[in-house]
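# Summary of the model geometry
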Amino acid sequence: MKVMTDRPGLRERKKAKTRAAIRKATYRLAAEHGWDAATTDRIADAAEVSPSTVARYFPVREDILLTDENDELLEARLRARPAAEEPLESLRAVVVEAVRTALAEEPAETRLRARLMVEIPAVRARLTETTAATGRRLARAIADRTGRDADDLEVRIFTAAVLGALREATVHWAEHGRTDDLVALLDRTVDTLKTGLTPSGPA
């Protein structure tokens, strides 16, 4: 009897290894020489692949910084949250945990990505597009949890608002030197969405 496992096949492992090599080379070039110097040709040379391979895996160069395989994992974790939990708290849990993991496992890359989001308009613009794509995926899970359709206006607004707010918190972190606790800032962001904006003191 054949034993089924969740271990990726050889082809998938090779593809993942290639994507990781491209990312590693890109981050190194951007950190040492700046984003403009991290051209497709130089990335390919540093990753020991062809320029066409880089373009095939990442048709948009900025996606090397901004996309990964975590969207599928985020959706799975969102679906696994307790059924009675408020959707906002569910999103807080999965997104904050993903950021906490990134800061622990790839602190330099996470900080560099945040800096480039602020400094490079093309990266910032592409971030908006990739966040929207993530939102569409997570909206499906939110819709299922709330008994709605993923294309419901309320579902789309809710998911986009939460992810947009968390993205803005990350930009704020990057603009202020990336020295604050990003996880704490994300928690503050969700708390603000829950309670609204109140006056800071006497006018």
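Residues numbered from 1 in each chain as written. Predicted model: local features only at pLDDT ≥ 70, side-chain atom pairs only at ≥ 80, totals over all residues. Heavy atoms only, no water.

## Quick word on the nonpolar core
Nonpolar side chains in soluble globular proteins tend to end up buried together. Defined as follows: Think of a nonpolar core as a cluster: buried Ala, Val, Leu, Ile, Met, Phe, Trp, Tyr and Cys residues, connected wherever their side-chain atoms sit within 4.5 Å. For each residue, the accessible area found with a 1.4 Å probe, counting protein chains only, is set against the maximum for its type, and the residue is called buried under 20%, exposed over 50%, and partly exposed in between. Labels follow the DSSP assignment, with helices taken as runs of H or I lasting at least four residues and strands as runs of E lasting at least two, numbered in each case from the N terminus. In what follows, residue pairs with any heavy atoms lying within 4.5 Å of each other are defined as contacts.
Counting residues in hydrophobic clusters, the biggest one holds 27 residues, and the most contacted among them are Leu 78 and Leu 186. Every element with two or more residues in this core is listed here: helix 5 (70-80), helix 6 (87-105), helix 8 (121-146), helix 9 (153-175) and helix 10 (182-195). Setting aside anything within four residues of it in sequence, one finds Leu 78 in contact with Ser 90, Leu 91, Val 94, Leu 138, Ala 141, Ile 142 and Arg 145.

## Considering the packing of helix 1 (residues 10-33) against helix 2 (residues 40-47)
Definition in use: Here an axis means a line fitted to C-alpha atoms, over the contact stretch when the element is a helix, while the angle between two N-to-C directions is reported on a 0 to 180 degree scale. Oblique is the label for any angle not under 35 degrees, not over 145, and not in the 65 to 115 range, which are roughly parallel, roughly antiparallel and roughly perpendicular in turn. In this scheme the crossing of two helices becomes right-handed for a clockwise turn of the near helix relative to the far one and left-handed for an anticlockwise turn of less than a right angle.
As a packed pair, helix 1 and helix 2 sit with axes 8 Å apart at the nearest point and diverge in direction by 120°. By the criterion of interaxial angle, the relationship of helix 1 to helix 2 is oblique. Remark: the crossing between helix 1 and helix 2 carries right-handed chirality. Across the interface between the two elements, Ala 21, Ile 22, Ala 25, Thr 26, Arg 28, Leu 29 and His 33 from helix 1 touch Arg 42, Ile 43, Ala 46 and Ala 47 from helix 2.

## Here we look at the packing of helix 6 against helix 9
Rules: Note on residue categories: nonpolar means Ala, Val, Leu, Ile, Met, Phe, Trp, Tyr, Cys or Pro, charged means Asp, Glu, Lys or Arg, and polar means any other residue, Gly included.
The interhelical angle for the contact between helix 6 and helix 9, taken along N-to-C directions, is 35°, at an axis separation of 11 Å. Helix 9 is crossed by helix 6, and the crossing has right-handed handedness. Contacts from Pro 87, Leu 88, Leu 91, Val 95 and Leu 103 of helix 6 reach helix 9 at Phe 158, Val 162, Leu 163, Leu 166 and Trp 173. Per-class residue counts for the contact of helix 6 with helix 9 are ten nonpolar, no polar and no charged.

## Points about the pattern of salt bridges
Threshold: In the sections that follow, a salt bridge refers to a side-chain nitrogen of Lys or Arg positioned within 4 Å of a carboxyl oxygen of Asp or Glu.
One pass over the full model with this rule turns up 16 salt bridges. With its nearest N and O atoms 3.6 Å apart, the salt bridge here joins Arg 148 to Glu 154. Assessed through its relative accessible area of 41%, Arg 148 is described here as partly exposed. By relative accessible area, Glu 154 is classed as partly exposed at 46%.

## Regarding unusual backbone geometry
Positive phi values are uncommon outside glycine, yet Glu 48 reaches one of about 60°. A positive phi angle is found at Arg 178, which is not glycine, with a value near 60°. Within the fold, Arg 178 resides in the loop between helix 9 and helix 10. Look at Arg 178 and you get partly exposed, because its relative accessible area is 22%.

## Description of the layout of surface pockets
The following threshold applies: Space inside and on the surface of the protein is sampled on a 1 Å grid over the protein atoms alone, with a cavity defined as a set of points where a 1.4 Å probe fits but cannot get out and a pocket as an open set with protein on both sides within 12 Å along at least 5 of 7 lines; lining residues have an atom within 4 Å of a point. Grid points are joined across faces, edges and corners, and a volume is the space filled by probe spheres set on the points.
Roughly 240 Å³ of volume is contained in the second largest pocket. In terms of lining, the second largest pocket is formed by 14 residues, of which the most central are Ala 132, Gly 135, Arg 136, Arg 156 and Ala 160. Breaking the lining of the second largest pocket down by element, the ones donating at least two residues are helix 8 and helix 9. Sort the elements by how many residues they give to the lining of the second largest pocket and helix 8 lands first, with seven residues.

## Focus: helix 8
Filter applied, for reference: Helix span is expected to be 1.5 Å times the residue number reduced by one. Think of it this way: the bend at a residue is just the angle between two axes, each fitted to seven residues, one set ending at that residue and the other starting at it.
With 26 residues, helix 8 extends 36 Å between its outermost C-alpha atoms, agreeing within 8% with the 38 Å of an ideal straight helix rising 1.5 Å per residue. Its axis deflected by about 25° at Leu 138, helix 8 carries its strongest bend there. By the burial criterion, the buried members of helix 8 are Val 123, Arg 126, Leu 127, Thr 130, Thr 131, Thr 134, Gly 135, Leu 138, Ala 139, Ala 141, Ile 142 and Ala 143. Contacts made by the buried residues of helix 8 are with helix 4 (63-66), helix 5, helix 6, helix 7 (107-119) and helix 9. Positioned one or two residues after helix 8, Gly 147 has a phi angle of 70°, which is positive.

## A few points about helix 10
Condition: Think of the arc as the fan of directions from the helix axis to the C-beta atoms.
The first and last C-alpha atoms of helix 10 sit 20 Å apart over 14 residues, in line with the 20 Å expected at 1.5 Å per residue. Those residues of helix 10 not exposed but buried are Leu 182, Val 183, Leu 185, Leu 186, Thr 189 and Val 190. Axial view of helix 10: buried residues confined to an arc of 165°, hence all on one face. Away from its buried face, by an angle of more than 90 degrees, helix 10 presents the exposed residues Arg 188 and Thr 195. The inward-facing, buried residues of helix 10 contact helix 6 and helix 9. Of the residues one or two after helix 10, Gly 196 is the one with positive phi, at around 85°.

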